[in-house]
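Survey of secondary and tertiary structure
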Amino acid sequence: MMACAIGRTFIRQSRAINLAPPQCRLKFVRSPPTSCLRGSAATAVAARQISTHRVRDMKDGDLAALKVQQSRMMKALHYTCSFGTGKRWGSAPTETGMSRLTLNDADKQARDWFVETTKALGCEVSVDAMGNIFAVRPGRRDGPATFAGSHLDTQPSGGRYDGILGIQAGIEMLNVLKDHQVETEFPVGVVNWTNEEGARFPISMMSSGVWSGDIALETAHNLREVGGGTATVKSELERIGYLGSVPASHEATPVAAHFELHIEQGPILEAAEQKVGVVTGVQAYRWFTIDVHGRDAHTGTTPLTARADAMLLAARLITHSHRLATLHAGLVSTGILTLSPGSTNTIPGHVRFTLDVRAPHDATVDALEADLKRDFALLAAGEDVGGLLAGSTPALPLKVEWRTDSVSPATVFHPDCVEAVRAAGEAVTGGKELVREMTSGAGHDSVYASRRCPTSMIFVPSRNGVSHNPEEYTSPDHCAVGAAVLLQSVLRYDRLRAARGSYLG
């Protein structure tokens, strides 16, 4: 009776497995049917047939046999985009953007779906004091989980893929592991970080920053929403039921490693016709506010030689910042500019503008900042720099003041995680030609995660390099490739942990 029961169990499980598309099945070693055997022999064969697949013992080819189901993942992605649908940009049902701001009602719907879905996939779910949701699938051994992480919140006029793809790919990872009865050596999971975008509550990557210890919990809880509203992060966490009881810290919820799949948000992969970006780090950036002080004067009665035109100097400074960024292979941008008094027939006496300075290495940002400050002072004094004053009338000197608003050092991701992503990318795409190393130009939750655990990221192409826009788009094929790389990266890292006998990688 026991042998027959086990045989029936195996038949049921075999049928369940065979419902998956052929490309999604693992190859099982053919054994004699248990009906041909008797007693302990039948029991032993049936036990082998229903055995799980242990990541520790899986070869690269076994990992490659674990296929993501593109249609399942994309269906889930677009279903959850019904929570907070934004501006329509095309005629197809999925051709809309997203407007799912942190901790609003749509965010609660997405969070509820995430919790329900991951629990159904066998995860234990916990929520911390910042509303970060950790879904953990048990492993053969105890220890901190290796996580796939990203975020479900969006920009007010954002798209369907920024952050959302990373979460959906993590859930697809859990589906594939369940489909094929894969046992990881250590726990694995998916984490949804709160308020990555910083759109409603103006600190980006806020809750991963609290978890890492870089942002104070009180600062985050007391942060008010933009636009003059009265809601705070804490009040909204309470309102939607996601003010968790677990402390928001890396000590309360340790993470063994963190992998994040994300759209590139830039044009490089698409232009190079490549499929996978192996992200080795995140570039450094500094934000500055520049004040240019001149003198208000009448436009009709003040000769060019007697002017201290703050707007003219600001234009030259911004132009020159672009030249210096080119020289240093960095990036400089001005996103805000105001002037006063703001009258058509008055020469502006004061201009304030921002500078966003970025480069892959801290030393490059240091050098770029030093050159900007040197040359801005020279230009304010009326000296020519790089021919900017050629053909112009000499005028009165002005004054330039700098204020540093934000400093974010360059982030270098852990070599073990980077290598896991590289190996996975090459395995999924069939070689090195479609894979490239990249530095992220934007900040992500992986920045703060990397300060407390080994971390890396995976990029997939963005059509026309567009993001933070309703027309943000990554093809289903590219989404599936990214999800496959994420799956393999997590499993390769788990295999590495097993080989080292290490809880924390």
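Residues numbered from 1 in each chain as written. Predicted model: local features only at pLDDT ≥ 70, side-chain atom pairs only at ≥ 80, totals over all residues. Heavy atoms only, no water.

Along the protein chain, the regular secondary structure elements total 15 helices and 20 strands. Looking at the protein chain residue by residue over its 505 residues, the buried ones come to 51%. Excluding contacts between residues fewer than 6 apart, the proportion of contacts in the protein chain whose partners are at least 24 apart in sequence is 77%. Counting every atom, the protein chain has about 21900 Å² of accessible surface; 54% of that belongs to carbon and sulfur. (Helix = DSSP H or I, 4+ residues; strand = E, 2+ residues; numbered from the N terminus. Buried < 20%, exposed > 50% of the residue type's maximum accessible area, 1.4 Å probe, protein only. Contact = heavy atoms within 4.5 Å. Areas by Shrake-Rupley, 256 points an atom, 1.4 Å probe, with all protein chains shown as cover.)

A few words on the environment of Ala442. Mapping Ala442 onto the fold places it in the loop between β19 (435-440) and α14 (445-449). Taking relative accessible area as the criterion, Ala442 reaches 29% and is therefore assigned partly exposed. Between the C-alpha atoms of Ala442 and Gln265, which are 177 residues apart in sequence, the distance is 8.3 Å. Look past the residues within four positions of Ala442 in its chain and what remains in contact with it is Gln265, Val282 and Arg358.

Below, the discussion takes up the environment of His298. Tracing the sequence through the fold places His298 in strand β12 (residues 297-298). Between the C-alpha atom of His298 and that of Asn345, which follows or precedes it by 47 residues, the distance is 6.2 Å. Excluding anything up to four places from it in sequence, His298 contacts Asn345 and Ile347. At 3.5 Å, the side chain of His298 forms a polar contact with the backbone nitrogen of Thr301. (Polar contact = N/O pair within 3.5 Å; in protein donor to acceptor, adjacent residues only side chain to side chain.)

Turning to the nonpolar core, a few remarks are in order. Within the largest apolar cluster, 84 residues are counted, with the highest numbers of intra-cluster contacts made by Phe114, Leu165, Met173, Val233, Phe259, Leu486 and Leu487. Tallying contributions element by element places helix α15 (residues 476-500) first for this core, with eleven residues. Apart from the residues lying within four places of it in its own chain, the contact partners of Leu165 are Met73, Leu77, Leu261, Ile263, Val460 and Cys479. The next biggest cluster of nonpolar side chains, apart from the first, holds 27 residues, and it includes Ala284, Phe376, Leu379 and Val400. (Core = buried A, V, L, I, M, F, W, Y, C linked by side-chain atoms within 4.5 Å.)

A complete count under the given rule lists 27 salt bridges for this structure. Linking Arg403 and Asp405 is a salt bridge whose minimum nitrogen-to-oxygen distance equals 2.8 Å. Using a relative accessible area of 43% as the deciding quantity, one classes Arg403 as partly exposed. A single salt-bridge network, built from bridges that share partners, covers Asp105, Arg200, Glu225, Glu236 and Arg239. (Salt bridge = Lys/Arg side-chain N within 4 Å of Asp/Glu carboxyl O.)

A few words now on the side chain of Asn175. Here Asn175 shows up in helix α6 (residues 164-179). Excluding anything up to four places from it in sequence, Asn175 contacts Arg72 and Leu121.

Moving on, we get to helix α5 (residues 105-120). Given 3.6 residues to a turn, an α-helix orients residues that are three or four positions apart in the same direction. Here α5 contains 16 residues, and its C-alpha end-to-end distance of 23 Å stays within 8% of the 22 Å for a straight helix at 1.5 Å per residue. When α5 is considered as a whole, its buried residues turn out to be Ala106, Asp107, Ala110, Arg111, Trp113, Phe114, Val115, Thr117 and Thr118. Residues of α5 that are buried sit in contact with α4 (70-80), β4 (124-127), β5 (133-137), α6, β8 (188-192) and α9 (233-240). For α5, the N-terminal cap is Asn104; the gap from its side-chain oxygen to the backbone nitrogen of Ala106 is 3.2 Å. (Expected span 1.5 Å × (residues − 1).)

A complete count under the given rule lists nine aromatic pairs for this structure. Between Tyr79 and Phe83 the ring centres are 5.5 Å apart and the planes differ by 80°, which places this aromatic pair in the edge-to-face class. Taking the relative accessible area as the measure of exposure, Tyr79 reaches 47% and is therefore partly exposed. For Phe83, a relative accessible area of 9% gives the class buried. Taking the centre distance of 5.6 Å and the plane angle of 70° together, the rings of Phe134 and Phe147 count as edge-to-face. On the criterion of sequence distance, the pair formed by Phe134 in strand β5 and Phe147 in strand β6 (residues 145-150) is long-range, its members being 13 residues apart. Phe134 gets classed as buried once you look at its relative accessible area, which sits at 1%. Its end group placed over the ring of Tyr285, Arg358 keeps NZ or CZ at 4.6 Å from the ring centre. In this structure, Arg497 packs its charged tip against the face of Phe186, placed 4.1 Å from the ring centre. (Phe/Tyr/Trp six-rings, centres within 6.5 Å; stacked < 30°, edge-to-face > 60°. Lys NZ or Arg CZ within 6 Å of the ring centre and 35° of its normal.)

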